[in-house]
Amino acid sequence: MKLGSQGLEVSRQGLGCMGMSAFYGPPKPETDMIALIHYAIRSGVTFFDTSDLYGPFTNEILLGKALQGGLREKVELATKFGFSFQDGKREIRGDPAYVRAACEGSLQRLGIDCIDLYYQHRVDTRVPIEVTVS
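All values derive from a computational prediction rather than experimental measurement.

Across its full length, the protein holds five helices and eight strands. Mapped from its N terminus to its C terminus, the protein presents α and β elements in the order β-β-β-α-α-β-α-β-β-β-α-β-α. Over its C-alpha trace the protein gives a radius of gyration of 15 Å, about what one expects of a compact globule, namely 14 Å for 134 residues. Along the first, second and third principal axes, the C-alpha atoms of the protein reach 45 × 35 × 25 Å. Counting all 134 residues of the protein, 40% fall into the buried class.

Next up, the structure:
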């Protein structure tokens, strides 16, 4: 199905990966989660959603590992930005310097050179949205 107006096409069923690494009890075993991601791809799921917040960072690393060996080309990846982590604290941020650094970090953790859908997890009310997306 088409997602948005820019030509992105994804499976009707997607897989949100948050619970694999965070928020619903302890992180799940990596080998089990990679097997689950592979099963989802074999079953026709092509849309995977993660965030630098999940773990933090470990969920993107997990997804990157799972998509090695040519699987990346079979899926569309979404990840999010919006939380800065400094001194053990989270801060909502939307300034362009942070967004660029967060994007570069996500690309590195995922082991890819292009994120298919990159979006803001939480809006920084101190920064106009036009400035954030610039």
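Turning to helix α2 (residues 30-42), a few remarks are in order. Across its 13 residues, α2 extends 18 Å between first and last C-alpha, which sits within 8% of the 18 Å expected from 1.5 Å per residue. Contacts made by the buried residues of α2 are with β3 (14-16), α1 (18-21), β4 (47-49) and α3 (58-66). Just past α2, the residue Gly44 takes up positive phi, approximately 105 degrees.

Within the span of α3, buried status applies to Asn59, Glu60, Leu62, Leu63, Gly64 and Ala66. Elements in contact with the buried residues of α3: α1, α2, β4, β5 (76-81) and α4 (96-110).

Here we come to the pattern of salt bridges. Note that side chains of opposite charge can pair when their charged atoms are close. Considering all chains together, one arrives at eight salt bridges under this definition. Between Glu30 and Lys65 there is a salt bridge; the shortest N-O distance is 3.1 Å. Linking Glu30 in helix α2 with Lys65 in helix α3, this pair joins segments that are 35 residues apart in sequence. In this structure Glu30 comes out as partly exposed when scored by relative accessible area, which is 37%. In this structure Lys65 comes out as partly exposed when scored by relative accessible area, which is 37%. With its nearest N and O atoms 2.9 Å apart, the salt bridge here joins Asp116 to Arg72.

Within the secondary structure, Val131 is located in helix α5 (residues 129-132). Relative accessible area serves as the criterion here: at 35%, Val131 is assigned to the partly exposed category. For the pair formed by Val131 and Val10, sequence separation is 121 residues and the distance between their alpha carbons is 28 Å.

Further remarks concern the nonpolar core. Counting 20 residues, the largest nonpolar core has Leu15, Ile37, Phe48, Leu63 and Leu67 as its most contacted members. Going through the elements one at a time, α2 and α3 are the ones with two or more residues in this core. If you tally residues by element for this core, the top one is α2, at five residues. Sequence-distant contacts of Leu15, that is, excluding residues within four places in its chain, are made with Met20, Ile37, Ala40, Val45, Phe47, Phe48 and Asp49.

Parameters and conventions
Residues numbered from 1 in each chain as written. Predicted model: local features only at pLDDT ≥ 70, side-chain atom pairs only at ≥ 80, totals over all residues. Heavy atoms only, no water. Helix = DSSP H or I, 4+ residues; strand = E, 2+ residues; numbered from the N terminus. Rg over C-alpha atoms; globule rule 2.2 N^0.38 Å. Buried < 20%, exposed > 50% of the residue type's maximum accessible area, 1.4 Å probe, protein only. Expected span 1.5 Å × (residues − 1). Contact = heavy atoms within 4.5 Å. Salt bridge = Lys/Arg side-chain N within 4 Å of Asp/Glu carboxyl O. Core = buried A, V, L, I, M, F, W, Y, C linked by side-chain atoms within 4.5 Å.

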